[in-house]
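# Structural features, examined
What follows is each chain in one-letter form.
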Amino acid sequence: MSRRSTGFVGVWAEVQRQQQRQRELDERRRRQEEQQARAHQRRAAQEYREYRQAEARRRTEELDADVASLQGLLAAGCRAPAFRAASLLRPEQIQPFAPGPLAQPVVMPDIGQYQAQSGWTANRRAQAQAEAQARFELDWHAAQAAEAHRQRQLDSYRREYQQWADARLADVRRHNAGVAEVAEGVRRGDPDSVIEYFSAALYSSSAWPEGFPRRVAAAYDAAAGELVLDWELPAYDVVPEVKAVRYLSGADQDKETARPVTQRRGLYREVLAQCVLLVLHELFGADERGVLASVVLNGFVDGHDPTTGRPDHIVLATVRAARSSFLELHLAQVDAASCLTDGLRGQLSARPDQLTPVRPGRRPQDVGNRVVAHGGDEDPDLYAMDPIAFEELVADLFRAMGMQAVTTQRSNDGGVDVDALDPAPIRGGKIVVQVKRYRNTVPPTAVRDLYGTVQDAGANKGVLVTTSGFGPGSHAFAEGKPLELVAGPELVDLLHRHGLRGRLGDGGRSGAASASRPAQASRPSRSPEASRPAQPSQSAQASRPARASRVSGPSRSSSGAPRAARPDAGPRLPDDHNVLGMGWTGDVALDVCALVCRGGRVLGDDHFVFYNNPRTPDGSVSALPAPPPDKAAIGVSFDALPAEADRVVLVAAIDPEADPDADLSGFTEAGIRLLGPDLAELDRLDVSDGRPGETALVLGSFRRRADGNWKFVLGGKGYPGGLAELVRDFGIAVE
């Protein structure tokens, strides 16, 4: 009994020991798993911190790189090659005739391949031989018919190609003849040709960073050899508000260190000065013929007139540079602000961040005999007005502007026609006004006499008002002095803005106003797309198969250019949508895409609209069939864009399947048509031409302003690495 009990106890004890060992093993395993989990969490937390720290460093490096790019804008621009008219010429090279499969003749059947089937009898063998011969003859006749059909198709396609090639060559020759005509006009000093040539020099420059504006209004004074232009400068937000980014692991958030206001303002002033000097550098560098004796440049930004509250151009920098003086400068070593204000005696706003304006120099509308005549026949003609009444009208204008003004006696007035007092503190004071009711240009001696009168009278400012205009000598003398020159067009405009009446001569108000307004300079005008022949399409056998992934995007013709849709194709767009229709000359096949961004980064991969993603998730941006004469189209609902989006960037890239060896040298005379939902044209926007060696190009971007409106900013940055390299710059990872 005791042995059996001992055996039972031993078994029970052994079971207990095994269970204890299992529990210990499970406990060790649990502790190991907990240790591994904690180690994994520590590694994950460390990796997350390192990632956030690296991302903060990357953002800081990007900010530093942006600032370095702004600081080196002038030096980088000076390294760019000078513009030449030859760069506008197109090569007289026509795509060779390529019939594709139509070049291959139909293979004729071989009688040797038609073997008669064997038979047991002579009759059966004869019958098999006859059947083989019949099959051969049937196939031979079919092959002959197919070959004849191929020959007809080939001849027809060759005729279509020849017509297309002749038209294309004629178009290239017309373009080159136009370039030669502009160059000859520049040599003769023709104002229109000079404006067109130097505007093209500014538009085609590769020295400007992506996103910098390129809006210009220009006029040319042939007698003085002076080009006068208003050039748009970048806004204050071009300087990053953030100086550095640091990751706070305790709060798990990025902390942005603001750039000091004085540092940001100083950098912005430096950028503005560099922009002005770079424009002058490009203009004088492009002047092969020496037609520019001097350039008057007024740099402006869009803002609101503080006196009227209406949108206006705020001039932040102005300068008049003589060719001989400017060419002596070594721009790569100068301090831009000092060079502009001291070396060239220009003016630069002390607080451009607050849109503090400077008094502009000569304006394009003051050049030549262009005269603004506001009002109809009911407005009095200033030329025919009694001299005393004209002086009283000028005094009324100063009173309407909030000043105290009285006319002086006709004798012993010391050269003063109107005494005015501006009651505004700091900037106000005594103003002496001289009035010249002239038809010819006011001579510089009158301006010098006014300056002497200002000094003798102890006035704060002198104003010379005339019904005519001023020459470059007058503007040069008045620069930097307390003098203001008011030409006839500006006088009439001021009268009507302050509720007074007046006109110059017999011109109607609207007509003269439009005639005197300097046209925004642009590249040579292009012919309507409908008049430009397209490359003929091949037959179904010769055309390349379309990519299935692009069925939902804009369709593409066999020549590689996007196929235009009918105007009535598809339903009418919603009223809050616009259509951006892209057109260009040349037979280059392009993919036109859009990126919805915040700053320089796309919101996400699904906000990159291209052939594999034809619309954004909210449908605010989508690819559309192109209405003629456009070659591609993008639909945008600006009001429906995400709140965090501040720009829509349009890009174009070579279609590698259509022509893997092509570049953007064939992308010329490009433009964007802004269309309403009913496809009615609202505006036209010019974009930069492509350049050899580049396969992708930023066309431009629509930027959201502070007031909620949108402004188009010209692009121009090219990429030799195609669409993949371009989208990497906007934060899209490409495998």
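Sequence order as written defines residue numbering, which begins from 1 separately in each chain. Local features in this predicted model are restricted to residues of pLDDT 70 or higher, and side-chain atom pairs are both shown and tallied only at a pLDDT of 80 or more, whereas totals for entire chains, interfaces and linings draw on every residue. The side-chain figures draw on all heavy atoms in the structure; neither hydrogens nor water molecules are used.

Looking now at the overall build of the protein chain. Counting from the N terminus, the helices are the DSSP runs of H or I reaching at least four residues and the strands are the DSSP runs of E reaching at least two. For the protein chain, the helix and strand inventory stands at 13 helices and 24 strands. Type-normalised accessible area, obtained with a 1.4 Å probe on protein chains alone, sets the label of each residue: buried when under 20%, exposed when over 50%, and partly exposed for intermediate values. Within the protein chain, buried positions represent 44% of all 735 residues. Considering only contacts in the protein chain between residues 6 or more positions apart, those separated by 24 or more positions represent 69%. Here, residues are in contact when the closest pair of their heavy atoms is within 4.5 Å.

The amide bond that connects proline 628 to the next residue, proline 629, takes the cis arrangement and shows omega of 10°. With respect to the helices, strands and loops of the structure, proline 629 is situated in the loop between strand S17 (621-624) and strand S18 (632-636). One non-glycine residue, aspartate 252, lies in positive phi territory at about 50°. Among the secondary structure elements, aspartate 252 is positioned in the loop between strand S3 (242-248) and strand S4 (253-258). On the basis of relative accessible area, aspartate 252 is assigned to the partly exposed category, the value being 38%. Phi at leucine 679 is positive, roughly 65°, even though this residue is not glycine. Relative accessible area serves as the criterion here: at 29%, leucine 679 is assigned to the partly exposed category.

So, about the confidence of the model for the protein chain. On average, residues of the protein chain carry a pLDDT of 80, and 86% of them reach 70 or more. The score called pLDDT rates the predictor's confidence residue by residue, from a low of 0 to a high of 100. Mean pLDDT per element in the protein chain: helix H12 (residues 509-516) is the minimum at 33, and strand S16 (residues 608-609) is the maximum at 94. A low-confidence stretch, residues 369-377 stays under pLDDT 50, and its non-local contacts, those more than four residues away or across chains, total 35 contacts. Per-residue pLDDT stays below 50 along residues 507-571; that stretch engages in 132 contacts with residues further than four places along the chain or on separate chains.

The next point concerns the sheet that holds S18. Pairing between two strands requires that DSSP report at least two bridges joining them. Spatial ordering of the open sheet is given by S17-S18-S13-S20-S21, a layout of 5 strands whose pairing is antiparallel. Either end of the sheet is taken by a strand with one partner, and the two such strands are S17 and strand S21 (681-686). Averaged over all pairs of adjacent strands, the angle between strand axes in this sheet comes to 25°, irrespective of strand direction. The pairing of strand S20 (residues 668-675) with S21 spans 5 bridges and is classified as antiparallel. Bridged to arginine 673 within S21 is arginine 684. Interaxial angles span 0 to 180 degrees and are taken between N-to-C directions of axes, which are lines fitted to C-alpha atoms, for helices over the stretch in contact.

The subject of this paragraph is the packing of helix H8 (residues 387-400) against helix H11 (residues 488-497). Two elements in contact, H8 and H11, have axes whose closest approach is 10 Å; the angle formed by their N-to-C orientations is 60°. Classified by the angle between their axes, H8 and H11 sit oblique to one another. With respect to the hand of their crossing, H8 and H11 are arranged in left-handed fashion. Here Phe390, Leu393 and Leu397 of H8 lie close against H11, whose contacting residues are Leu491, Leu494 and Leu495. Three categories are distinguished: nonpolar for Ala, Val, Leu, Ile, Met, Phe, Trp, Tyr, Cys and Pro, charged for Asp, Glu, Lys and Arg, and polar for the others, with Gly belonging to the last. Its residues assigned to classes, the contact of H8 with H11 comprises 6 nonpolar, no polar and no charged. Orientation labels follow simple angle bins: below 35 degrees gives roughly parallel, above 145 gives roughly antiparallel, 65 to 115 gives roughly perpendicular, and whatever is left gives oblique. Crossings are sorted by hand: turned counterclockwise from the far helix by less than a right angle, the near helix makes the crossing left-handed, and turned clockwise it makes it right-handed.

Before going further, it helps to examine the pattern of salt bridges. Each salt bridge in this description consists of a side-chain nitrogen of Lys or Arg and a carboxyl oxygen of Asp or Glu lying within 4 Å of one another. Per the counting criterion, the structure on display carries 41 salt bridges. For glutamate 484, the salt bridge goes to lysine 461, with nearest N and O atoms at 2.6 Å. Taken together, the positions of glutamate 484 in strand S12 (residues 483-486) and lysine 461 in strand S11 (residues 461-466) put the pair 23 residues apart, joining distant regions of the chain. In this structure glutamate 484 comes out as partly exposed when scored by relative accessible area, which is 23%. For aspartate 630, the salt bridge is made with arginine 673, and the minimal N-O distance between the two is 2.9 Å. Within this pair, whereas aspartate 630 is found in the loop between S17 and S18, its partner arginine 673 is found in strand S20, the two being separated by 43 residues in sequence. You'll find aspartate 630 and arginine 673 in the same group, each marked buried.

When we look at burial in helix H13 (residues 722-729), the residues that qualify are Gly722, Leu723, Leu726 and Val727. Buried residues of H13, viewed axially, fall in a sector of 135°; they line one side. Among the structural elements, strand S14 (590-598), S16, strand S19 (647-654), strand S22 (696-704) and strand S24 (718-719) are those in contact with the buried residues of H13. Looking one or two residues beyond H13, the residue adopting positive phi is glycine 731, at roughly 90°. The arc under discussion is defined with respect to the helix axis, by the directions toward the C-beta atoms.

On to the packing of aromatic side chains. A pair of aromatic rings is counted whenever rings of Phe, Tyr or Trp (Trp by its six-membered ring) have centres within 6.5 Å, and the orientation is called stacked for planes under 30 degrees apart, edge-to-face for over 60 and tilted otherwise. Applying the stated criterion to the full structure yields 17 aromatic pairs. Ring plane angle 85° and centroid distance 6.5 Å describe the contact between tyrosine 48 and tyrosine 247, whose orientation is recorded as edge-to-face. Here tyrosine 48, found in helix H1 (residues 2-71), pairs with tyrosine 247, found in strand S3; they are 199 residues apart in sequence, far enough to count as distant. Of the residues examined, tyrosine 48 reaches a relative accessible area of 36% and is grouped as partly exposed. Summarising the aromatic geometry, the rings of tryptophan 208 and tryptophan 231 are spaced 5.8 Å apart at their centres and angled 35° between planes, so their arrangement reads as tilted. Of the two residues, tryptophan 208 is situated in the loop between helix H4 (191-203) and strand S1 (216-221) and tryptophan 231 in strand S2 (residues 226-232); the sequence distance between them amounts to 23 residues. By relative accessible area, which is 6% here, tryptophan 208 ends up buried. Judged by relative accessible area, tryptophan 231 falls into the buried class, the value being 2%. Cation over ring: arginine 264 sits above tyrosine 236, and NZ or CZ is 4.1 Å from the ring centre. Look at NZ for Lys and CZ for Arg. If either is within 6 Å of the ring centre and within 35 degrees of the ring normal, a charge sits over the ring.

When you line up the elements, valine 621 lands in strand S17. Note: C-alpha distance between valine 621 and histidine 607 (14 residues apart in sequence) is 8.3 Å. With near-sequence residues (within four places) excluded, valine 621 lies in contact with Ala594, Val596, Val609, Pro614, Arg615, Thr616, Ile634, Gly635, Val636 and Leu641.

Only one face of strand S9 (residues 418-422) is buried: it carries Val418, Ala420 and Asp422, and the other face, with Asp419 and Leu421, is open. Note: S9 against strand S10 (residues 429-436), 5 bridges, orientation antiparallel. Bridged to valine 418 within S10 is valine 433. Turn length for the S9-S10 hairpin, with the two strands adjacent in sequence and antiparallel, is 6 residues, and the turn residue isoleucine 426 shows positive phi of about 70°.

Now for the nonpolar core. Across soluble globular proteins, nonpolar side chains have a tendency to be buried as a group. Among the nonpolar cores identified, the biggest contains 96 residues, and Leu227, Leu229, Leu280 and Met582 are the most heavily contacted of them. Looking at this core element by element, the count peaks at 14 residues for helix H5 (residues 261-286). Other than its neighbours up to four places away in sequence, leucine 229 contacts Leu202, Val216, Ala217, Ala218, Val279, Leu283, Val295, Val296, Leu297, Asn298 and Pro364. In plain words, nonpolar cores are sets of buried Ala, Val, Leu, Ile, Met, Phe, Trp, Tyr and Cys residues tied together by side-chain atoms within 4.5 Å.

Spatially, 5 strands are ordered S8-S9-S10-S11-S12 in an open sheet, and the strand pairing comes out mixed. At either end of the open sheet lies a strand with only one pairing partner, and these are strand S8 (404-407) and S12. Direction aside, the axes of adjacent strands within the sheet are offset by 20° on average. Strand contacts of helix H9 (residues 444-457): S10, S11 and S12, with the helix running at about 150° to S10, the strand carrying the most contacts.

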